[in-house]
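Fold and contact review
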Amino acid sequence: MFSDNENPGAEVSAGQTATAATSAPETINQTVQTEETLPAAVEAQDTAAAAPVSGELAAVMVSPAEPVAAPDSAATVEHSDVSAVAESGEPSTESTAEMEQLMEQYAAPHQAPAEGEIESGQVVAVTDLGVVVNLGGKTEGLIPAQEFAELDGPFPLQPGQPVEVQRTGDRKDGYVLLSYQRVRRRRAWGKIEEAYRNKTEITGKVVDHIKGGLVVDIGVRAFLPASQADTHPVRDLVDWKDREIAVRVLKMNRKRGNVVVSRRAILDEQVQAQRQAMLDSMAEGQTVRGVVKNVTGYGAFVDLGGIDGLLHITDMSWGRVASPLDAVRPGEEVEVKILKYDREKGRISLGRKQLLPDPWASVVERYVVGTKLTGKIMGLTDYGAFVELEPGIEGLVHVSEMSWSKRKQHPSKIVKVGDDVEVSVLGVDSNERRISLGMKQAQSDPWQQLAEKYPVGTVVSGKIRNLTEFGAFLEIEEGFDGLIHVSDISWTGRVKNPADVYKKGDAVEAKVLKIDPASRRVSLGVKQVNDIWSSWFEKHKVGDLIRGRVSRVTTFGAFVEIADGIEGLCHISEIDERRPKGDKQQVVAPRSGARQSGLLDPGRDYEFKIVKISPDQHKIGLSYRAAQKQAERRDMEDYRSTKSSATATIGDAIMAKRSL
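First, a word on scope: everything that follows refers to the structure included in this document.

Counting its regular elements, the protein chain contains 12 helices and 30 strands. Counting contacts in the protein chain only where the partners sit at least 6 residues apart, residues at least 24 apart contribute 59% of the total. Surface summary for the protein chain: the accessible area is close to 39,200 Å², and the carbon and sulfur share equals 49%.

The next subject is the sheet that holds strand 19 (residues 420-429). With mixed pairing, five strands are arranged side by side around a closed barrel as 16-17-18-20-19. Pairs of neighbouring strands in the sheet enclose a mean axial angle of 50°, with direction left out of account. As defined by bridge partners, strand 16 (residues 372-381) adjoins strand 17 (residues 384-390) across five bridges and the pair is classed as antiparallel. Bridged to Ile-377 within strand 17 is Val-387.

Side chains that differ in sign of charge can pair as their charged atoms come close. All chains considered together, the criterion is met by 22 salt bridges. Between Glu-119 and Arg-167 there is a salt bridge; the shortest N-O distance is 2.4 Å. With Glu-119 in strand 1 (residues 118-126) and Arg-167 in strand 4 (residues 162-172), this residue pair connects regions lying 48 residues apart in the sequence. The same class applies to Glu-119 and to Arg-167, which are both buried. Between Lys-503 and Asp-506 there is a salt bridge, with its nearest N and O atoms 3.5 Å apart. Owing to a relative accessible area of 55%, Lys-503 belongs among the exposed residues under this scheme. Residue classification places Asp-506 among the buried residues on the basis of a relative accessible area of 19%.

With that settled, the discussion passes to the side chain of Asp-544. Along the polypeptide, Asp-544 turns up in the loop between helix 10 (532-539) and strand 26 (545-554). Only 3.0 Å separates the side chain of Asp-544 from the backbone nitrogen of Lys-541, close enough to count as a polar contact. Apart from the residues within four sequence positions on either side, Asp-544 is in contact with Lys-539, Phe-608, Lys-609 and Ile-610.

Attention now moves to the side chain of Asp-230. Along the chain, the position of Asp-230 falls in the loop between strand 8 (221-225) and strand 9 (244-253). Taking the relative accessible area as the measure of exposure, Asp-230 reaches 15% and is therefore buried. If near-sequence neighbours (up to four positions away) are discounted, Asp-230 is found in contact with Arg-263, Arg-264 and Leu-267.

Attention shifts here to the pairing of strand 25 (residues 521-525). Bridge analysis of strand 23 (residues 480-485) against strand 25 gives two bridges, and the strand direction is parallel. In the strand pairing of strand 25, Leu-483 is matched with Ser-523. Bridge count between strand 24 (residues 507-516) and strand 25: five bridges; the pairing is antiparallel. Along strand 25, the bridge assignment pairs Asp-516 with Arg-521.

Our next topic: helix 9 (residues 446-453). Residues of helix 9 that are buried include every one of Pro-446, Trp-447 and Leu-450, and no others. Viewed along the axis of helix 9, the buried residues span an arc of 100°, placing them on a single side of the element. Where helix 9 is buried, its residues contact strand 22 (471-477), strand 23, strand 24 and strand 25.

So, on to the environment of Ser-436. Looking at where Ser-436 falls in the secondary structure, it is placed in strand 20 (residues 434-438). In this structure, the C-alpha to C-alpha distance between Ser-436 and Ser-424, residues 12 residues apart in sequence, is 8.6 Å. When sequence neighbours within four positions are dropped, the list of residues in contact with Ser-436 reads Leu-396, Ser-424, Val-425, Leu-426 and Gly-427.

Right, let's talk about the environment of Glu-394 for a bit. Within the secondary structure layout, Glu-394 lies in strand 18 (residues 393-398). Not counting residues within four places of it along the chain, the set of residues in contact with Glu-394 comprises Arg-320, Trp-360, Met-378, Phe-386, Val-387, Glu-388 and Ile-435.

Structurally, the position occupied by Leu-426 is in strand 19. Separated by 54 residues in sequence, Leu-426 and Lys-372 place their C-alpha atoms 9.7 Å apart. Apart from the residues lying within four places of it in its own chain, the contact partners of Leu-426 are Val-369, Glu-401, Ser-436, Leu-437, Gly-438 and Gln-441.

Attention now moves to the sheet that holds strand 23. Spatially, the five strands close up into a barrel ordered 21-22-23-25-24, and their pairing is mixed. Pairwise comparison of adjacent strand axes, ignoring direction, gives a mean angle of 50° for this sheet. By the bridge criterion, five bridges tie strand 21 (residues 459-467) to strand 24 in an arrangement that is antiparallel. Each residue of the ladder has a partner; that of Val-460, found in strand 24, is Ala-510. Of the strands in this sheet, strand 22, strand 23, strand 24 and strand 25 are in contact with helix 9, which crosses strand 23 at around 55°.

Between its first and last C-alpha, helix 6 (residues 180-198) extends 27 Å over 19 residues, near the 27 Å set by a 1.5 Å rise per residue. Listed in full, the buried residues belonging to helix 6 are Tyr-180, Gln-181, Val-183, Ala-188, Trp-189, Ile-192 and Ala-195. Measuring from the side-chain oxygen of the N-cap residue of helix 6 to the backbone nitrogen of Arg-182 gives 3.1 Å; that N-cap residue is Ser-179. Looking at the residues trailing helix 6, positive phi occurs at Lys-199, about 55°.

Looking along a regular strand, one sees side chains alternate from face to face of the sheet. Taking burial as the measure, the five residues of strand 5 (residues 175-179) include four buried ones, the bulk of the element. Of the strand pairs in this sheet, strand 3 (residues 139-144) and strand 5 are connected by two bridges, and their pairing is parallel. The residue bridging Gly-141 from the neighbouring strand is Val-176, located in strand 5. The pairing of strand 4 with strand 5 spans four bridges and is classified as antiparallel. In the sheet register, Arg-167 faces strand 5, and the bridge partner there is Leu-178. A loop of two residues connects strand 4 with strand 5, the two strands running antiparallel in sequence, and Asp-173 in this loop sits at a positive phi of about 55°.

Unusually for a residue other than glycine, Lys-199 sits at a positive phi of about 55°. Mapped onto the secondary structure, Lys-199 falls in the loop between helix 6 and strand 6 (201-210). Backbone geometry places Asp-242, a non-glycine residue, at a positive phi of 70°. Turning to its location among the elements, Asp-242 is positioned in the loop between strand 8 and strand 9.

Let us now look at the packing of aromatic side chains. By convention here, two paired aromatic rings are described through the distance between centres and the angle between planes. According to the stated counting rule, one finds nine aromatic pairs in the structure shown. Taken together, a centroid distance of 5.7 Å and an interplanar angle of 80° make the contact between Trp-536 and Phe-537 edge-to-face. Among the residues examined, Phe-537 registers a relative accessible area of 15% and is labelled buried. Plain terms: the ring middles of Phe-556 and Phe-559 are 5.9 Å apart, the flat faces sit at 85° to each other, and that makes the pair edge-to-face. Members of the aromatic cluster, connected to one another through ring pairs, are Phe-148, Phe-155 and Tyr-180. When the ring centre of Trp-240 is taken as reference, the NZ or CZ atom of Arg-243 above it lies at 4.2 Å. Residue placement shows Arg-552 over the ring face of Phe-559; its charged tip is 4.1 Å from the ring centre.

What counts, and where the lines are drawn
- Residues numbered from 1 in each chain as written.
- Predicted model: local features only at pLDDT ≥ 70, side-chain atom pairs only at ≥ 80, totals over all residues.
- Heavy atoms only, no water.
- Helix = DSSP H or I, 4+ residues; strand = E, 2+ residues; numbered from the N terminus.
- Contact = heavy atoms within 4.5 Å.
- Areas by Shrake-Rupley, 256 points an atom, 1.4 Å probe, with all protein chains shown as cover.
- Pairing = 2+ DSSP bridges.
- Axes fitted to C-alpha atoms, helices over the stretch in contact; angles between N-to-C directions.
- Salt bridge = Lys/Arg side-chain N within 4 Å of Asp/Glu carboxyl O.
- Buried < 20%, exposed > 50% of the residue type's maximum accessible area, 1.4 Å probe, protein only.
- Polar contact = N/O pair within 3.5 Å; in protein donor to acceptor, adjacent residues only side chain to side chain.
- Arc of directions from axis to C-beta.
- Expected span 1.5 Å × (residues − 1).
- Phe/Tyr/Trp six-rings, centres within 6.5 Å; stacked < 30°, edge-to-face > 60°.
- Lys NZ or Arg CZ within 6 Å of the ring centre and 35° of its normal.

The following block contains the structure:
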């Protein structure tokens, strides 16, 4: 078989065939059967074209055993039309025109496509040698089987399927050798170049996983770096194989056959478009839905559809949230409210609790001052503990309101997180969202119990807990201390510093002198345990004469020790006779600041008269002058009783006393 360009007598043969068909209509049925027999008829008359044309028209018989594909836009000659012409004896004008057009079409020389041009054909058969393709014009080509050796998946060509090929310039076994892959690559590169110039998407299939990324088939093997696979880092790319994805061509070099693509570029544009659309429609106070993207220690970032907003931990719930993971989880869909939107910086603050009723709205009515409640310890600080009264409502128990004891303790030593405690409402400030609570107010006042347990006069025992300049603190019970004033430590000596007598941890007995529950104070005395004053007051009364030793002299009198640990005061006015007005004679004191009395000297014993007694204050007033007068009267009475003369005078008694 030959192509149209290889048949030089095609035009002449076609003319002769047309003449024969006109002169001998009876032979038309045998000469022209179908349009498929026409090329064969032309080929059969190639040999007759070289011989001289005789005057007789011979009928050319063509066998339709070898069907040949009709050329493009060939007219169809129906058998019935030709038969009709034969029977009528007159050719049909329409049929004759079609026949002539068909003959001219086959008679016209066809130029073979140049090497490297893309041709369209039709798959005739798939053999072991390759794929047979009908190129038209009585030309068949062969695509070698080697071109399909590296293809994955099902075979791409089937009989009857149209295909684009390119001639290689070689022949084999009577076939023109064709290339299917060259055309495929040319088309693919053209598509890639167009996508690269226009920055459009191109779809490919992931065919391999290599170091650093993926291989994507987009007509040629392109490299997709792992960093360009998604908007976030992808650690495992093995599962991406055989996946259909849309990519963007970043770089290409047709000479070297290198192509670098990106999926992330497309996703970034989509995210940016969604972000811009979201930004344009967003406003403060708007309620939106989003997906929790990631969670941090201070909150969670929510994807609102191309733009992220921050849901702070304080805006997740009206109640206390220890960790953002207690409120939301990554991937969870949440409904939030836009609290603040900064268009310039693109920052969005979100709130979730703002979509729920505010429990603080009616807190004043529900938590009246003095109400006793039960709550749970949610947090501890150095200054107190936070107690949850209900979800979203917390109050503070200050460390000073946790215990009746004055001993300072850290809140963690009294309660721990999770404890259920009873509290009393001390104050409510709905504007500042604060509730002051007290734990000790919810309990009975132990100071009242202490006053009942230890009435005045009770002797208690304990250990010295602390020492100061003015006294010592004695622990009566756990958390309750009493003060032993420095003046109540000893009857006998003047204690200047309690540390000279006690040290921390000493066991001491003391008597309860006073309890003031309102002031939370207990006064104790050690010297009152052995009360020498009571027994002395029982044995003495005002007017008694007693003997004592002057312990010290002051500007206002002299202190006289009248018993062990008991002193009385002899005021200066009770030492000597009162002088008349205008008599300013004074006695020079033996030491600075003290008046010297010629009658009373420190360290000497004198007789005194009790002129005043104050048992409650442990005070005794003495008079040396009154004692001397009483002694003189006693002596006078004694003298009179011993003298018989009734004429004895006071002068005689004085003279008699001096003689003694």
